[in-house]
Amino acid sequence: MAAKDTKDISPEHVAIIMDGNGRWATARGRPRLFGHQAGARRVREIVEACPELGVRYLTIFAFSTENWKRTQTEVAGLMALFRRYIEKEAKRLLKHGVRVRFIGDRLRLDAKLVKLMDDLEVLTSHNDLVHLTIALNYGGRDEVARATKRLARDVASGKLSPDDVDEETLPRYLDTCLLPDPDLVIRTSGEARISNFLLWQSAYSEYEFIDTLWPDFTAEIFAQTIGRFGLRERRYGAVAV
Ligand code: IPE
Ligand code: IPE
Ligand code: MG
């Protein structure tokens, strides 16, 4: 049988829980931040592999609403890393046709970082080859709560009738309102949980839990994972024909 064209069976939207940076560093006797730096360097390779793999939307989990529980040193180090990543990568992302968006609650983030995020969104807003969404201070429950608050305001002001609220209404208030639902969610590092990532959006996503730690997750492993997706049968509750 002839091999199928990968583009036909590629997931349009892949979301990744980039986990295992800390363990990667610890295994080398280095501080956790060393692992985060290695993890950040990995992102470029994965983003740039997307067009060839037929992946149009890539969403990556960079910092969760729960990650504030870590030491002040680690949190501050991560925030500095996010700033440096944006400053360093902006031009290259623009050149590679990547449109960047951020999801998550920006209110708790440092103003300087938020400015860099806003500017990168504007700078890349005309790109269309790959849509990269970075989840930063993101939590699925927090997102649904914030969405519900905005929805409730529209009901209170008479803009929206409670009778019109259905499955199509709430997602319009989510941070991801401009994105399709993820077809495939990948988590690295061997943990088999979703840790509050894209709770609403991943209702029918396929999952891949990979043992590799994020700093070791190469474009080749990414391509193999995408390849396996093509073999899956998605039924959405119906019976296969
Ligand atoms: C993922 O790696 C990155 C973030 C959560 C910011 P971890 O830092 O969770 O690495 P492990 O799970 O401790 O190895
Ligand atoms: C999820 O990883 C968050 C990110 C990858 C940013 P965590 O390492 O924070 O998740 P838990 O604590 O193992 O569930
Ligand atoms: Mg972790």
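Our subject is the structure listed above.
Residues numbered from 1 in each chain as written. Chains lettered and ligands numbered in written order. Predicted model: local features only at pLDDT ≥ 70, side-chain atom pairs only at ≥ 80, totals over all residues. Heavy atoms only, no water.

### Some details on the sheet that holds strand 3 (residues 98–103)
Taken in spatial order, the six strands make up an open sheet running 3-4-2-1-5-6, and their pairing is parallel. The open sheet is flanked by strand 3 and strand 6 (206–209), the only strands paired with a single partner. Going from strand to strand, the sheet's axes swing by 20° on average, the running direction of each strand aside. Sheet topology note: the strand 2 (residues 57–64)/strand 4 (residues 130–138) ladder contains seven bridges and is parallel. Note on strand 4: the bridge partner recorded for Ile 60 is Ile 134. Along the sheet, helix 4 (residues 72–95) contacts strand 2, strand 3 and strand 4; its crossing angle with strand 2, the most-contacted strand, is approximately 155°. Docked against the sheet, helix 7 (residues 219–229) engages strand 1 (13–17), strand 2, strand 5 (184–187) and strand 6, running at close to 140° with respect to strand 5. (Pairing = 2+ DSSP bridges. Helix = DSSP H or I, 4+ residues; strand = E, 2+ residues; numbered from the N terminus. Axes fitted to C-alpha atoms, helices over the stretch in contact; angles between N-to-C directions. Contact = heavy atoms within 4.5 Å.)

### A closer look at the site of ligand 1
Inspection of the region around ligand 1 gives 13 residues, with Asp 19, Gly 22, Arg 23, Arg 32 and Arg 70 positioned closest. Between ligand 1 and the protein, one listed contact pairs an oxygen atom with a side-chain N or O atom of Asp 19 at 2.8 Å. Within the backbone of Gly 20, one N or O atom sits 3.3 Å away from an oxygen atom of ligand 1. Judged by its atoms lying within 2 Å of the grid points, ligand 1 is housed in the largest pocket. Looking at the shell around ligand 1, the elements that each hand over two or more residues are helix 2 (21–26), helix 3 (32–53) and helix 4. When residues of the shell around ligand 1 are assigned to their parent elements, the largest contribution, three residues, is made by helix 2. Here the shell around ligand 1 is composed, by residue class, of three nonpolar, five polar and five charged. (Near = heavy atom within 4 Å. Polar contact = N/O pair within 3.5 Å; in protein donor to acceptor, adjacent residues only side chain to side chain. 1 Å grid on protein atoms, 1.4 Å probe; cavity = no way out; pocket = protein on both sides within 12 Å on 5 of 7 lines; lining within 4 Å. Sits in = over half its atoms within 2 Å of the grid points. Nonpolar A, V, L, I, M, F, W, Y, C, P; charged D, E, K, R; others polar.)

### Here we look at the pairing of strand 6
Every other side chain in a regular strand lies on the same face of the sheet, so the side chains alternate between the two faces. Only one face of strand 6 is covered, namely the face carrying Glu 206 and Glu 208; the face carrying Tyr 207 and Phe 209 is uncovered. Bridge analysis of strand 5 against strand 6 gives four bridges, and the strand direction is parallel. Bridging from a neighbouring strand, Ile 186 pairs with Glu 208 of strand 6. (Buried < 20%, exposed > 50% of the residue type's maximum accessible area, 1.4 Å probe, protein only.)

### Let's talk about the packing of aromatic side chains
Inspection of every chain in the model, using the stated rule, returns ten aromatic pairs. Aromatic pair Tyr 207 and Phe 209: ring centres 5.7 Å apart, planes at 10°, arrangement stacked. The exposure class assigned to Tyr 207 is partly exposed, which follows from its relative accessible area of 23%. The partly exposed category is assigned to Phe 209, whose relative accessible area is 38%. Members of the aromatic cluster, connected to one another through ring pairs, are Phe 61, Tyr 138 and Phe 197. Sitting above the plane of the Trp 24 ring, Arg 28 keeps its charged end 3.9 Å from the centroid. A cation sits over an aromatic face here: Arg 30 above Phe 34, 3.9 Å from the ring centre. (Phe/Tyr/Trp six-rings, centres within 6.5 Å; stacked < 30°, edge-to-face > 60°. Lys NZ or Arg CZ within 6 Å of the ring centre and 35° of its normal.)

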